[in-house]
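Report on the structure
Letter by letter, the chains look like this.
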Amino acid sequence: MSEYRSGRFEPHEVLWLRAEGNADAQRLITIAALGMCRALSLGVLSPGYACHRLFGPALLARLDQLDAHPALRHAIQLATEFEDVADLIPDKLAKSIAEVEAELLKALTALSPAGLVGEKWLVKAP
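I will try to describe carefully the structure that is included in this document. On a predicted model such as this, the values are computed, not experimentally measured, just so you know. (Residues numbered from 1 in each chain as written. Predicted model: local features only at pLDDT ≥ 70, side-chain atom pairs only at ≥ 80, totals over all residues. Heavy atoms only, no water.)

Details of the layout of surface pockets
Volume-wise, the largest pocket comes out at about 310 Å³. Around the largest pocket sit Leu15, Trp16, Leu17, Ala25, Leu28, Ile29, Ala32, Leu54, Leu59, Arg62 and Leu66, which together line it. Element by element, the count of residues in the lining of the largest pocket is highest for helix 1 (residues 22-41), at four residues. Its residues assigned to classes, the lining of the largest pocket shows 10 nonpolar, no polar and one charged. (1 Å grid on protein atoms, 1.4 Å probe; cavity = no way out; pocket = protein on both sides within 12 Å on 5 of 7 lines; lining within 4 Å. Points joined across faces, edges and corners; volume = space filled by probe spheres on them. Helix = DSSP H or I, 4+ residues; strand = E, 2+ residues; numbered from the N terminus. Nonpolar A, V, L, I, M, F, W, Y, C, P; charged D, E, K, R; others polar.)

In structure tokens form, the structure reads like this:
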């Protein structure tokens, strides 16, 4: 859906993802983080991009509000350091990404529902 906002020269896309409940929100975050890690490990995205877009203090604060699963909280805390690892010790980046992925998979396993529950995450923007 395109929307034009005054003060901007280009229209932009609005995409809404809605998770219902604490566990569903954590699943959505975990899956998004796993995708970002995959893109990083393939070299498709830079650590700076990942930290700017997803792995940062705002997500950590939101996870605190959700009283997030410890493995998810730990994974995101480690992921916020990807840019620093890439800059200071680039040969350790792959290991760092793998460590974060392992923590995310632990969290996802613990958060996985028994079956199909809830609505789809992708919803129409209001």
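From this point, things continue past the structure.
Points about the nonpolar core
Ranked by internal contacts, the top residues of the largest apolar core, which has 30 residues, are Phe55, Leu63, Leu72, Ile76, Phe82, Val100 and Leu104. Sorting the residues of this core by element identifies helix 1, helix 2 (47-53), helix 3 (57-66), helix 4 (70-79), helix 5 (82-88) and helix 6 (93-111) as the ones contributing at least two each. (Core = buried A, V, L, I, M, F, W, Y, C linked by side-chain atoms within 4.5 Å. Buried < 20%, exposed > 50% of the residue type's maximum accessible area, 1.4 Å probe, protein only.)

Things to note about the pattern of salt bridges
Here the structure, examined in full by the defined rule, presents three salt bridges. The partner of Glu103 in a salt bridge is Lys106, with the nearest N and O atoms 2.7 Å apart. A residue pair is termed a helical-turn pair when its members lie 3 or 4 positions apart in one helix, as Glu103 and Lys106 do in helix 6 at three residues. Residue Lys106 is classed as partly exposed on the basis of its relative accessible area, which comes to 49%. (Salt bridge = Lys/Arg side-chain N within 4 Å of Asp/Glu carboxyl O.)

Observations regarding the packing of helix 3 against helix 4
The interhelical angle for the contact between helix 3 and helix 4, taken along N-to-C directions, is 170°, at an axis separation of 10 Å. If you check the angle between helix 3 and helix 4, you find them roughly antiparallel. Where helix 3 crosses over helix 4, the handedness of that crossing is left-handed. Residues Leu59, Leu60, Leu63 and Asp64 of helix 3 form the contact with helix 4, whose own contacting residues are Leu72, Arg73, Ile76 and Gln77. Here the residues of the contact of helix 3 with helix 4 sort into five nonpolar, one polar and two charged. (Axes fitted to C-alpha atoms, helices over the stretch in contact; angles between N-to-C directions. Parallel < 35°, antiparallel > 145°, perpendicular 65-115°, else oblique. Left-handed = near helix turned anticlockwise from the far one by under 90°. Contact = heavy atoms within 4.5 Å.)

Re unusual backbone geometry
Phi at Asp67 takes a positive value of approximately 50°, unusual for a residue other than glycine. Examined against the element boundaries, Asp67 turns out to sit in the loop between helix 3 and helix 4. With a relative accessible area of 66%, Asp67 lands in the exposed category.

Points about helix 6
With 19 residues, helix 6 should reach 27 Å at 1.5 Å per residue; the first-to-last C-alpha distance of 27 Å fits that figure. Along helix 6, the residues that are buried comprise Leu93, Ser96, Ile97, Val100, Glu103, Leu104, Ala107, Leu108 and Leu111. Looking straight down helix 6, one finds that the buried residues subtend no more than 140° of arc, so they occupy a single side. In helix 6, the exposed residues that point more than 90 degrees away from the buried face are Ala94, Lys95 and Thr109. Elements in contact with the buried residues of helix 6: helix 1, helix 2, helix 4 and helix 5. (Expected span 1.5 Å × (residues − 1). Arc of directions from axis to C-beta.)

Concerning the packing of helix 4 against helix 6
Axis separation between helix 4 and helix 6 bottoms out at 8 Å; the angle between their running directions is 160°. Accordingly, the angle class assigned to the pair helix 4 and helix 6 is roughly antiparallel. Pair helix 4 / helix 6 crosses with left-handed handedness. In this structure, helix 4 contributes Ala71, Leu72, His74, Ala75, Ile76, Leu78 and Ala79 to the contact, and helix 6 contributes Glu99, Val100, Glu103, Leu104, Lys106 and Ala107.

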